[in-house]
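Okay, here's what each chain looks like letter by letter:
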Amino acid sequence: AASTDPEAGRDGDGAVLLRSPSGATARVSLHGGQVVSWKNDRGDELLFTSSKQAIMKPPKAMRGGIPICFPQFGNCGTLERHGFARNRMWALDEEHPGLSRSDSGSRSLVDLILKPSEEDQKSWPHSFEFRLRISLTKDGDLSLVSRIRNVNGKPFSFSFAYHTYLSVSDISEVRIEGLETLDYLDNLSQRERHTEQGDAITFESEVDRVYVSSPNVIAVLDHEKKRTFVIRKDGLPDTVVWNPWEKKAKTMADFGDEEYKQTLCVDAAAAERPITLRPGEEWTGRLELSAVPSTNCSDHLDQPGIM
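Not measured: the values here are computed from a predicted model.

*Asks:* Please explain the overall build of the protein as it appears in this structure.
*Replies:* Within the protein one finds two helices and 20 strands. When each of the 307 residues of the protein is scored for burial, the buried share is 54%. Across the protein, contacts joining residues at least 24 apart in sequence account for 65% of those joining residues at least 6 apart. Surface summary for the protein: the accessible area is close to 13700 Å², and the carbon and sulfur share equals 47%.

In structure tokens, the structure reads:
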């Protein structure tokens, strides 16, 4: 039953449900503009969410999915950690209603918008329009496109990340390809700069790094699930890699003690150098995630193009 009702595809707690022709699904919370679920056509959940936060309690962002970090990533600034966008209610963007539906009435994309409240402008005195399009491709890939416009009379700068919690079988069975030989800032040692020495990145302790000037295609290989996540990004020069490991996980109230084994954050980000927008300028940052059987992925890193 096709419907033009903008409420269709929404559930009672302010989330939008997306479905691709292939049967993949995504769930987007209006709180934070946050993707909280992405499932393939077999119903496998591809994003991690903490069991400690099965019930989301706004205004705090949910631990997991893809929180949007804006206008600040991490603690590098005067604002709350990772900025305020992930803790605000977003609105459906009426100018770009994004209600494209298939004949079955399902919808494969949504357009959201965030504008600063008076409260936001006290802590960060800038006027912006942040438009976010979240969509599923016909094959079930997940795409996020952010467009941030300066509608102020003066320039402003921001940092940004799609803080992506991937669901993995066991962190010790996971490796990342595409970040070899790059410089990274190590957040565990005062953002000291190092050069990656490994052929691929594997995990045996806490990791919190910003890989700078990273390629636009990165692969995360999960040996146990024989699944590879291919991450394509554009407009976002850096890649953040984070796993809290055992000791830190035990100190996090919204994270299970053993859950560090089931997730890896690999974020498309602009973290090292802020992005500056002059009045009227717009910035675009794109992320596309696909999950493919590992046997098929060896050629993905050779594809320079994005989307």
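There is more to say after this.
*Asks:* Just to check I follow, could you spell out the confidence of the model for the protein for this structure?
*Replies:* Should pLDDT be low for a region, the predicted coordinates there are not to be read in detail. Averaged over every residue, the pLDDT of the protein is 87; the share at 70 or more is 85%. Overall, residues 1–8 carries pLDDT values under 50, and its contacts beyond four positions in sequence, including any with other chains, amount to 15 contacts. Confidence over residues 98–104 falls short of pLDDT 50; this stretch has 19 contacts with residues more than four positions distant or in other chains.

*Asks:* Quick question: what am I supposed to make of the packing of aromatic side chains here?
*Replies:* Ring pairs (aromatic) are described by centroid distance and by the angle formed between their planes. This structure, assessed with the given rule, holds 19 aromatic pairs. Between Phe158 and Trp283, the aromatic rings sit 5.5 Å apart at their centres with planes inclined by 75°, giving edge-to-face as the arrangement. Of this pair, Phe158 sits in strand S10 (residues 156–162) while Trp283 sits in strand S20 (residues 282–293); the two residues are 125 residues apart in sequence, bridging distant segments of the chain. In this structure, Phe158 and Trp283 share a single accessibility class: buried.

*Asks:* Whenever I open this one, the environment of Thr295 confuses me. Can you help?
*Replies:* Mapped onto the elements, Thr295 comes out in the segment after S20. Expressed as a C-alpha distance, the spacing of Thr295 and Lys226, which sit 69 residues apart in the sequence, is 7.6 Å.

*Asks:* Before we go on, may I ask you to explain the sheet that holds strand S7 (residues 109–114) in this structure?
*Replies:* Where strands meet in a sheet, backbone hydrogen bonds hold them as pairs that are either parallel or antiparallel. As summarised here, the arrangement of the eight strands in space is S6-S7-S8-S9-S20-S17-S16-S12, forming an open sheet in which the pairing is antiparallel. Since the sheet does not close on itself, it has two edges, and those belong to strand S6 (91–92) and strand S12 (174–177), each with one partner. Across eight bridges, strand S17 (residues 227–234) lies against S20 in antiparallel orientation. Bridged to Thr228 within S20 is Val292.

*Asks:* Just checking my understanding: could you explain the pairing of strand S16 (residues 217–222) for this structure?
*Replies:* Side chains on a regular strand alternate between the two faces of the sheet. Burial analysis of S16 places six of its six residues in the buried class, which makes it a mostly covered element. Here S16 shows a buried face lined by Val217, Ala219 and Leu221 and a second buried face lined by Ile218, Val220 and Asp222. Looking at chain direction, S12 and S16 are connected through four bridges and run antiparallel. Bridging from a neighbouring strand, Arg175 pairs with Leu221 of S16. As paired elements, S16 and S17 share six bridges and run antiparallel to each other. Within the sheet, the bridge partner assigned to Ala219 lies in S17 and is Val230.

*Asks:* Any chance you could explain the environment of Ala268 here in plain terms?
*Replies:* On the secondary structure map, Ala268 appears in strand S19 (residues 263–277). Once the C-alpha coordinates of Ala268 and Pro237 are considered, the two residues, 31 residues apart in sequence, prove to be 7.6 Å apart. Not counting residues up to four positions away in its chain, the partners in contact with Ala268 are Phe160, Ala161, Tyr162, Lys233, Leu236, Asp238 and Leu287.

*Asks:* Looking at this model, I keep getting lost on the pairing of strand S8 (residues 128–136). Mind explaining?
*Replies:* A large share of S8 lies buried, amounting to eight of its nine residues. Relative to S8, S7 runs antiparallel, the two sharing six bridges. In the sheet register, Leu114 faces S8, and the bridge partner there is Phe130. In this sheet, strand S9 (residues 142–150) lies alongside S8 in antiparallel orientation, the contact comprising nine bridges. Considered in S9, the bridge of Phe128 is made with Asn150. Hairpin connection from S8 to S9: five residues lie between these consecutive antiparallel strands, with Gly140 at a positive phi of about 95°.

*Asks:* What is the right way to read the pattern of salt bridges from this model?
*Replies:* Pairing between side chains of opposite charge can happen when their charged atoms approach one another. Within the structure shown, the criterion is met by 20 salt bridges. Residue Glu129 pairs with Lys115 through a salt bridge whose shortest N-O separation is 4.0 Å. Separated by 14 residues along the polypeptide, Glu129 in strand S8 and Lys115 in the loop between S7 and helix H1 (118–123) bring together distant segments of the chain. For Arg193, the salt bridge is made with Asp183, and the minimal N-O distance between the two is 3.2 Å. Residue Arg193 is found in strand S14 (residues 192–195), and its partner Asp183 is found in strand S13 (residues 183–186); the two are separated by 10 residues along the sequence.

*Asks:* Looking at this model, I keep getting lost on unusual backbone geometry. Mind explaining?
*Replies:* Of all residues except glycine, most have a negative phi; of all peptide bonds, most are trans. Looking along the chain, the bond that leaves Phe70 and enters Pro71 is cis, with omega of 0°. Position of Pro71 relative to the elements: it lies in the loop between strand S5 (68–69) and S6. The phi dihedral of Arg191 is positive, around 55°, even though this residue is not glycine. Position of Arg191 relative to the elements: it lies in the loop between S13 and S14. One non-glycine residue, Ser213, adopts positive backbone phi at about 50°. Counting through the fold element by element, Ser213 comes out in the loop between strand S15 (207–211) and S16.

Parameters and conventions
For every chain, the first residue of the written sequence is number 1, and numbering continues from 1 along that sequence. Only residues with pLDDT of at least 70 get local features here, since the model is predicted, and only at 80 or more are side-chain atom pairs given and counted; chain-wide, interface and lining totals rely on the full set of residues. Hydrogens and water molecules were not included; the side-chain quantities draw on all heavy atoms of the structure. Going along the chain from the N terminus, every DSSP run of H or I of four or more residues is numbered as a helix, and every run of E of two or more is numbered as a strand. Each residue's exposure class comes from its accessible area (1.4 Å probe, protein chains only) as a fraction of the maximum for that residue type: buried when under 20%, exposed when over 50%, partly exposed otherwise. Contacts: residue pairs with any heavy atoms within 4.5 Å of one another. Surface accessibility follows the Shrake-Rupley procedure with a 1.4 Å probe radius. Residue values consider only the protein chains on display as shielding. The pLDDT score gives, residue by residue, the confidence of the prediction method on a 0 to 100 scale. When the centres of two rings from Phe, Tyr and Trp lie within 6.5 Å, Trp using its six-membered ring, the rings pair. Their planes under 30 degrees apart give stacked, over 60 give edge-to-face, and anything left gives tilted. Any two strands with at least two DSSP bridges between them are considered paired. A pairing counts as a salt bridge when a side-chain nitrogen of Lys or Arg comes within 4 Å of a carboxyl oxygen of Asp or Glu.

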